[in-house]
2 protein chains.
Amino acid sequence: MKRIADSTVRRLSVYLRFLEDSVTHGVRTISSQELARRGGTTSAQVRKDLSFFGSFGKRGLGYPAAELTASLRDILGLDREWRVIIIGAGKIGTALAQYHGFRQRGFDIIAVYDADARKIGSKWDGLVVRDIREVERDVPQELPDIAVLTVPSEEAQAVAERLVGAGIEGILNFAPVQLKLPAHITVRNVNMAMELEGLSYALTNRERSGEAQ
Amino acid sequence: MKRIADSTVRRLSVYLRFLEDSVTHGVRTISSQELARRGGTTSAQVRKDLSFFGSFGKRGLGYPAAELTASLRDILGLDREWRVIIIGAGKIGTALAQYHGFRQRGFDIIAVYDADARKIGSKWDGLVVRDIREVERDVPQELPDIAVLTVPSEEAQAVAERLVGAGIEGILNFAPVQLKLPAHITVRNVNMAMELEGLSYALTNRERSGEAQ
DNA sequence: TGTTGTGAAGAGGTTCACAGCG
DNA sequence: CGCTGTGAACCTCTTCACAACA
């Protein structure tokens, strides 16, 4: 199967979110145009995105909302539970640990780790903060799929390498550094400072910057 | 001047971060190759990115680190203070409000708003949570540049419209919805659920998904 | 008739390769 | 000689336009 663009996967997430909404509101069928309107894109783009994975629609009618929802869940790998550990019990780490939206979408936070002795042992929403030194022992036992990295930039690379050594293959990196890891490891970056700088650039140079989201 | 790609602006942020580091470590001169290595890209890409804005390097030598740092700050609009308000005093909102890294980079959080009476009036790191109803009065007076939206999805669109009506022109949106706003408003989205879903997709379909970050 | 699915065209971003210059 | 700056080639993603079909 063909390589799917990152941007396509991102849009599938958007479609899925809106589809779930539609289904709970009793919508039976939905057109590429409606999906496009809510997803901030074009109907041709929606059809192209979906066409990579099959034919889900009926010509003249649109897509059956419930079926398409299920298909997108499958495609995105959301038809299973993902075991997630959070590394770093700082501001963002604890906010994420307590955010119930993740569990709701199949991302089960099974542990939180930190290096700070003052934080280790404290309880966050039922989860006890563990010593980061235990991660090498825990990962092979508990087999988390994804690690969310919310440690200071200086430590991010070293901690990431430890996680990979312990068996983690997916990392959501909040540290503003580009991690260098083996090719088979999947990394996604979330960088709020960078987004603010993007806004700063756009607001500073409105003529030359696009308005696209 | 030509329209600059979003991806380019993002990379400039990465270069800047590494350059600042290098300068504090006494580095005088830096090559496109070194910038590429740390930015997870190629030297040609670095040179191309910079070339959109001018000629900053010396052939045979590389780029003067301090000068390039200053130039990038200018380009990104970081040679000034940006006034930021946070809308939504939930988990993420308060984590962001207390994160000092923003102020350090010129993003000054001047206020936090919420609709929940139990949260209004409480203090977060010196900032009193204000009633969202005051936003229409405050924005024209205090002239914030950027609003960080951390409200529930259902309310995001309505709140965003109120912010725009009050005069906000830049929004960092944490709600997992695509905001529909006038073209002159700049929006950036941060969507952690979407990033996790991207990881889920990549881990599920390793053959067909790239490893690119 | 209305909307999908899709080749083909177009636009935009990245990589190449080398001339230019310190 | 080494590294930048950049036009051209290349590639990938998006948009177009229309045949297919419920």
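Residues numbered from 1 in each chain as written. Chains lettered and ligands numbered in written order. Predicted model: local features only at pLDDT ≥ 70, side-chain atom pairs only at ≥ 80, totals over all residues. Heavy atoms only, no water.

Engineer: Describe the protein's contact with DNA strand C, and please don't skip the residues or the numbers.
Structural biologist: Neighbouring residues of DNA strand C: 23 residues in total, closest A:S32, A:R47, A:R59, A:G60 and A:Y63. The sugar-phosphate share of atoms of DNA strand C within 4 Å of the protein amounts to 57%. Within the contact set of DNA strand C, a phosphate oxygen lies 2.6 Å away from a backbone nitrogen or oxygen of A:S32. Residue A:Y63 places a side-chain N or O atom 2.8 Å away from a phosphate oxygen belonging to DNA strand C. Elements with a contribution of two residues or more to the surface near DNA strand C: α3 (43–51) of chain A together with α1 (6–24) and α3 (43–51) of chain B. Broken down by element, the surface near DNA strand C gets its largest block of residues, four residues, from α3(B). Looking at the surface near DNA strand C residue by residue, the class counts come to five nonpolar, ten polar and eight charged. (Near = heavy atom within 4 Å. Polar contact = N/O pair within 3.5 Å; in protein donor to acceptor, adjacent residues only side chain to side chain. Helix = DSSP H or I, 4+ residues; strand = E, 2+ residues; numbered from the N terminus. Nonpolar A, V, L, I, M, F, W, Y, C, P; charged D, E, K, R; others polar.)

Engineer: Lay out the nonpolar core in plain terms, naming residues and giving numbers.
Structural biologist: Formed by 86 residues in total, the largest nonpolar core has its most connected members in A:L72, A:F174, B:L72 and B:F174. Aside from chain neighbours lying at most four places away, what touches B:L72 is B:L12, B:Y15, B:L16, B:L19 and B:L50. (Core = buried A, V, L, I, M, F, W, Y, C linked by side-chain atoms within 4.5 Å. Buried < 20%, exposed > 50% of the residue type's maximum accessible area, 1.4 Å probe, protein only. Contact = heavy atoms within 4.5 Å.)

Engineer: If you had to explain the domain arrangement of chain A to someone new, which residues and values would you point to?
Structural biologist: In terms of domain boundaries, chain A breaks down into domain 1 (6–76) and domain 2 (82–194). The straight-line distance from the C-alpha centre of domain 1 of chain A to that of domain 2 of chain A is 31 Å. (Domains from an automatic or database assignment.)

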